[in-house]
Amino acid sequence: MNVHSVNISVIVCTFNREKYIINTLEHLLKQKKVNSHDYEVIIINNNSTDNTEKICVSFIKENKLSNFHYFNEDKQGHTFARNRGIAESKGMIISFLDDDAFVTENYIFHIFSFFNQHPKASAIGGKIEPFYESSKPSWMSKYLLPLVAALDLGNEIMIFPKNKFPIGANMAFRKIVFDNYGDFNVNLGRRGTSLEGGDEKELFIRLRRGKELIYYVPQVKVMHVIPDSRTKNDYIKNMAIGVGTSEKKRLKKSHLNIKFNRLIQEVLKIFGTSVLFIFYSFKGRFKAAFMLVKFRIWVINGFLK
């Protein structure tokens, strides 16, 4: 397929990822079925204090890359970095990739192909496979995969289910989406080492209210590094609390009916968690059963905080 008429910008926002960023960039460099002028990579350094800047700048210089561009964003926060990336991008399609996620060799090509073949699609989320640095934690279940920014809805292209959303580690949009709906909400998302989120979810909710089509595209796949530190109890607790506080912020100015619907959803989640607790206990997976319960309690705690 000839994709030379389409431009894509891949935005990589980074914060203190000297250990992984070089692999992320190398995978973006080694793309097949496309040429360097088919895409650009926008690196946004959000006040890293390690060697991230030196690594990125040296990588671009040593490989003589005209389609890789490096910028610093001084306003601390993932949303500020993402919005800076949008402002610097020239592509008609904008993809977001985490700084510790490694794309497949046909990542760019599959994004091009999908948007070319689905002109009514506004955004996509791809498959995200966790890459554990040591081993998969015993408490992990498919219901907690989002905790490690993993996503697997199968191997078929489809519209995202009603209550599911793409994950920020691997998502792409037509650039016109941001012209029509605005950028990421800077009151949400991570700031430095904080574990709040909700910024991409809030944007996808805006798109859904506008009747935009959001697809799951498993061919657009990445491997997401999961360090041991992200499988520890304290990290999961802080992330769950961050989920709750982010939801509270997101709903702060919402209409009463939206807040009521969110309350109903939470009640259903509590019921669902109870059912899953019984299911995993019956199977002898007690760590998975108790983690589901603890996660739900921590989320509620963050929401009520």
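Residues numbered from 1 in each chain as written. Predicted model: local features only at pLDDT ≥ 70, side-chain atom pairs only at ≥ 80, totals over all residues. Heavy atoms only, no water.

Engineer: Would you mind showing me how to read the overall build of the protein chain here?
Structural biologist: Each helix and strand in the protein chain was counted, giving nine helices and nine strands. Over its C-alpha trace the protein chain gives a radius of gyration of 19 Å, about what one expects of a compact globule, namely 19 Å for 305 residues. Taken along its principal axes, the extent of the C-alpha atoms in the protein chain is 55 × 40 × 35 Å. For the protein chain, the proportion of its 305 residues judged to be buried stands at 50%. (Helix = DSSP H or I, 4+ residues; strand = E, 2+ residues; numbered from the N terminus. Rg over C-alpha atoms; globule rule 2.2 N^0.38 Å. Buried < 20%, exposed > 50% of the residue type's maximum accessible area, 1.4 Å probe, protein only.)

Engineer: I tried to follow the pattern of salt bridges on my own but got confused; where do I start?
Structural biologist: Oppositely charged side chains can pair when the atoms bearing their charge come close. A complete count under the given rule lists eleven salt bridges for this structure. Linking glutamate 105 and lysine 32 is a salt bridge whose minimum nitrogen-to-oxygen distance equals 3.5 Å. Linking glutamate 105 in the loop between strand 5 (101-103) and helix 4 (107-117) with lysine 32 in the loop between helix 1 (21-29) and strand 2 (39-45), this pair joins segments that are 73 residues apart in sequence. The exposure class of lysine 32 is partly exposed, given its relative accessible area of 46%. Across the pair arginine 82 and glutamate 200 runs a salt bridge, and its minimum N-O distance is 2.7 Å. Taken together, the residues arginine 82 in helix 3 (residues 78-88) and glutamate 200 in helix 6 (residues 199-209) connect sequence positions 118 residues apart. (Salt bridge = Lys/Arg side-chain N within 4 Å of Asp/Glu carboxyl O.)

Engineer: How should I be thinking about helix 7 (residues 233-251) in this particular structure?
Structural biologist: One turn of the α-helix equals 3.6 residues, which is why residues spaced by three or four share an orientation. Between the first and last C-alpha of helix 7 there are 27 Å, a value that for 19 residues agrees with the 27 Å anticipated at 1.5 Å per step. Within helix 7 the residues assigned to the buried category are Tyr235, Ile236, Met239, Ala240, Ile241, Gly242, Gly244, Thr245, Ser246, Glu247, Arg250 and Leu251. (Expected span 1.5 Å × (residues − 1).)

Engineer: Sorry if this is basic, but what is going on with unusual backbone geometry here?
Structural biologist: In terms of backbone geometry, most residues other than glycine have negative phi values and most peptide bonds are trans. For lysine 33, which is not glycine, the phi dihedral falls at a positive 70°. On the secondary structure map, lysine 33 appears in the loop between helix 1 and strand 2. Look at lysine 211: it is not a glycine, yet its phi comes out positive at around 65°. Assignment of secondary structure puts lysine 211 in the loop between helix 6 and strand 9 (213-226).

Engineer: Explain the side chain of threonine 245 here, please?
Structural biologist: Within the fold, threonine 245 resides in helix 7. Look at threonine 245 and you get buried, because its relative accessible area is 16%. For threonine 245, the side chain forms a polar contact with the main-chain oxygen of glycine 242, separated by 3.0 Å. (Polar contact = N/O pair within 3.5 Å; in protein donor to acceptor, adjacent residues only side chain to side chain.)

Engineer: Would you take a moment to explain helix 1 for this structure?
Structural biologist: Listing the buried residues of helix 1 in full gives Ile21, Thr24, Leu25 and Leu28. The arc that holds every buried residue of helix 1, seen down its axis, measures 95°, which confines them to one face. (Arc of directions from axis to C-beta.)

Engineer: What's the story with the confidence of the model for the protein chain in this structure? I'm lost.
Structural biologist: For any part of a model where pLDDT is low, the fine detail of the predicted coordinates should not be relied upon. Confidence in the prediction of the protein chain, expressed as mean pLDDT, is 89, and 95% of residues score 70 or more. Note on residues 1-6: pLDDT is under 50 here. Beyond four places in sequence and across chains, it has 17 contacts. (pLDDT = per-residue confidence, 0-100. Contact = heavy atoms within 4.5 Å.)

Engineer: In this structure, what is going on with the nonpolar core? I would like to understand it.
Structural biologist: Core analysis: the largest hydrophobic core is formed by 61 residues, its most contacted members being Tyr107 and Phe173. Residue contributions to this core peak at seven residues, all from helix 4. Each residue touching phenylalanine 173, except ones within four places of it in the same chain, is listed here: Met92, Ile93, Ile94, Phe96, Phe115, Ser122, Ala123, Phe178, Phe184, Leu203, Phe204 and Leu207. Within the second largest apolar cluster, 23 residues are counted, among which are Tyr132, Ala150, Ile236 and Met239. (Core = buried A, V, L, I, M, F, W, Y, C linked by side-chain atoms within 4.5 Å.)

Engineer: Would you mind showing me how to read the side chain of threonine 79 here?
Structural biologist: Within the secondary structure, threonine 79 sits in helix 3. Here the side chain of threonine 79 touches leucine 188 through a polar contact of 3.4 Å, landing on its backbone oxygen.

Engineer: Looking at this structure, how should I read the environment of glutamate 133?
Structural biologist: In this fold, glutamate 133 is placed in the loop between strand 6 (121-132) and strand 7 (158-159). The class for glutamate 133 is partly exposed, based on a relative accessible area of 35%. Those residues in contact with glutamate 133, other than ones at most four positions away along the chain, are Lys19, Tyr20, Val225, Ile226, Pro227 and Asp228. Among the polar contacts listed, one links the side chain of glutamate 133 to the side chain of tyrosine 20, at a separation of 2.7 Å.

Engineer: Can you help me understand the packing of helix 7 against helix 9 (residues 286-304) in this one?
Structural biologist: When two helices pack together, their arrangement is captured by the angle between the axes and the distance separating the axes. It is at 7 Å that the axes of helix 7 and helix 9 come closest, and there the two elements cross at 40°. For the element pair helix 7 / helix 9, the angle class is oblique. When you trace helix 7 past helix 9, the crossing you get is right-handed. Here Asn233, Ile236, Lys237, Ala240, Ile241, Val243, Gly244, Thr245, Glu247, Lys248 and Leu251 of helix 7 lie close against helix 9, whose contacting residues are Met291, Lys294, Phe295, Trp298, Val299, Asn301, Gly302, Phe303 and Leu304. (Axes fitted to C-alpha atoms, helices over the stretch in contact; angles between N-to-C directions. Parallel < 35°, antiparallel > 145°, perpendicular 65-115°, else oblique. Left-handed = near helix turned anticlockwise from the far one by under 90°.)

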